[in-house]
Amino acid sequence: EIYTLSLHDALPIFKHPRRDQIIVGLAGVFNNMLCALAFSVICGLYIRLIPVKFAVTKISQIIWIILLRTVSINVSLMIFNLLPVPPLDGFGVLCGIFDLYNTKFYWYARRYGMIILLVLLYLGATGIVLRPAVNAVMNLLTRLILAIGV
């Protein structure tokens, strides 16, 4: 990848802009997915390997809560980042798939995307959309944790 320098920041020049935009957009999502999977495995191993005497202590409970929250936060960020609203990665993926870069919709969405996102967050619309997906992924990861731990 080649980078050009501007007054603001480095801008990537892609050889295949549509494909590369999709890859860049999915990279953050994939990172969150890997972190959630890794911490799910750690949770399962924690259940399996922790001595019973230590498991009932306060510090053990705090460690358990931190591990589970790390899984939950990464799953939530993964799903949230897939929303097709700029500046989120889902918008870049959507534009890459449907080649929307030279459309009025693209420039309108880029200009007002942050405002749209803030309004969606304020109205709670993101929670309505995200909650079922987050719950579904968390249920799958809970099964993984229990399969490893029990």
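Look a little higher up for the structure.
The rules behind the values
- Residues numbered from 1 in each chain as written.
- Predicted model: local features only at pLDDT ≥ 70, side-chain atom pairs only at ≥ 80, totals over all residues.
- Heavy atoms only, no water.
- Patch = residues over 30% accessible without salt bridge, like charges linked within 9 Å, V, L, I, M, F, W, Y side chains within 5 Å.
- Areas by Shrake-Rupley, 256 points an atom, 1.4 Å probe, with all protein chains shown as cover.
- Salt bridge = Lys/Arg side-chain N within 4 Å of Asp/Glu carboxyl O.
- Helix = DSSP H or I, 4+ residues; strand = E, 2+ residues; numbered from the N terminus.
- Core = buried A, V, L, I, M, F, W, Y, C linked by side-chain atoms within 4.5 Å.
- Buried < 20%, exposed > 50% of the residue type's maximum accessible area, 1.4 Å probe, protein only.
- Axes fitted to C-alpha atoms, helices over the stretch in contact; angles between N-to-C directions.
- Parallel < 35°, antiparallel > 145°, perpendicular 65-115°, else oblique.
- Left-handed = near helix turned anticlockwise from the far one by under 90°.
- Contact = heavy atoms within 4.5 Å.
- Nonpolar A, V, L, I, M, F, W, Y, C, P; charged D, E, K, R; others polar.
- Expected span 1.5 Å × (residues − 1).
- Bend = angle between axes of the 7 residues up to and from the residue.
- Phe/Tyr/Trp six-rings, centres within 6.5 Å; stacked < 30°, edge-to-face > 60°.

Caption draft 1: Focus on a nonpolar patch on the surface. On the surface, a nonpolar cluster with roughly 770 Å² of combined accessible area is contributed by Tyr108, Tyr112, Ile115, Ile116, Val119, Tyr122 and Leu123. With respect to the helices and strands, the residue Ile116 is situated in helix 5 (residues 104–123).

Caption draft 2: Looking closely at the pattern of salt bridges. Counted according to the given criterion, the structure contains 2 salt bridges. Here Asp99 ties to Arg18 by a salt bridge, and the two come within 4.0 Å at their closest N and O atoms. With Asp99 in the loop between helix 4 (89–98) and helix 5 and Arg18 in helix 1 (residues 17–49), this residue pair connects regions lying 81 residues apart in the sequence. The shortest N-O distance in the salt bridge between Arg19 and Asp20 comes to 2.8 Å.

Caption draft 3: Layout of the nonpolar core. Core analysis: the largest hydrophobic core is formed by 18 residues, its most contacted members being Cys43, Val71, Val75, Ile79, Val134, Met138 and Leu141. Contributions of two or more residues to this core are made by helix 1, helix 3 (58–81) and helix 6 (125–149). Counting 6 residues, the second-largest nonpolar core is a separate cluster that includes Leu100, Tyr101, Tyr106 and Ala109.

Caption draft 4: Representation of the packing of helix 3 against helix 6. Put simply, helix 3 and helix 6 touch, their axes get as near as 9 Å, and they point 135 degrees apart. When the axes of helix 3 and helix 6 are compared, the pair comes out oblique. At the point where helix 3 passes helix 6, the crossing takes the right-handed sense. Counting all contacts with helix 3, which are made through Trp64, Leu68, Val71, Ser72, Val75, Ser76, Met78, Ile79 and Phe80, the residues of helix 6 involved are Thr126, Leu130, Ala133, Val134, Val137, Met138, Leu141 and Ile145. Looking at side-chain class alone, the contact of helix 3 with helix 6 contains 14 nonpolar, 3 polar and no charged residues.

Caption draft 5: Region of interest: helix 1. Counted at 1.5 Å a residue, the expected span for helix 1 with its 33 residues is 48 Å, and the 47 Å between its end C-alpha atoms agrees. The largest bend in helix 1 amounts to roughly 30 degrees and is located at Ala27. Considered for burial, the residues of helix 1 that qualify are Asp20, Gly25, Val29, Asn32, Ala36, Ser40, Cys43, Gly44 and Tyr46. Looking at the buried side of helix 1, the elements it contacts are helix 2 (52–55), helix 3, helix 4 and helix 6.

Caption draft 6: Focus on the environment of Leu77. Along the chain, the position of Leu77 falls in helix 3. Judged by relative accessible area, Leu77 falls into the partly exposed class, the value being 41%. Put simply, Leu77 and Thr103 are 26 residues apart on the chain and 28 Å apart in space, counted from C-alpha to C-alpha.

Caption draft 7: Representation of the packing of aromatic side chains. Under the criterion given, the structure shown has 6 aromatic pairs. Ring centres of Phe91 and Phe105 lie 6.2 Å apart, and the angle between their planes is 50 degrees; this geometry places the pair in the tilted category. Of this pair, Phe91 sits in helix 4 while Phe105 sits in helix 5; the two residues are 14 residues apart in sequence, bridging distant segments of the chain. When its relative accessible area of 2% is taken as the criterion, Phe91 is described as buried. Residue class for Phe105 comes out partly exposed when judged on its relative accessible area of 44%. A ring pair is formed by Phe91 and Tyr106, whose centres lie 5.7 Å apart and whose planes are at 15 degrees; its orientation type is stacked. Of this pair, Phe91 sits in helix 4 while Tyr106 sits in helix 5, and the two are 15 residues apart along the sequence.

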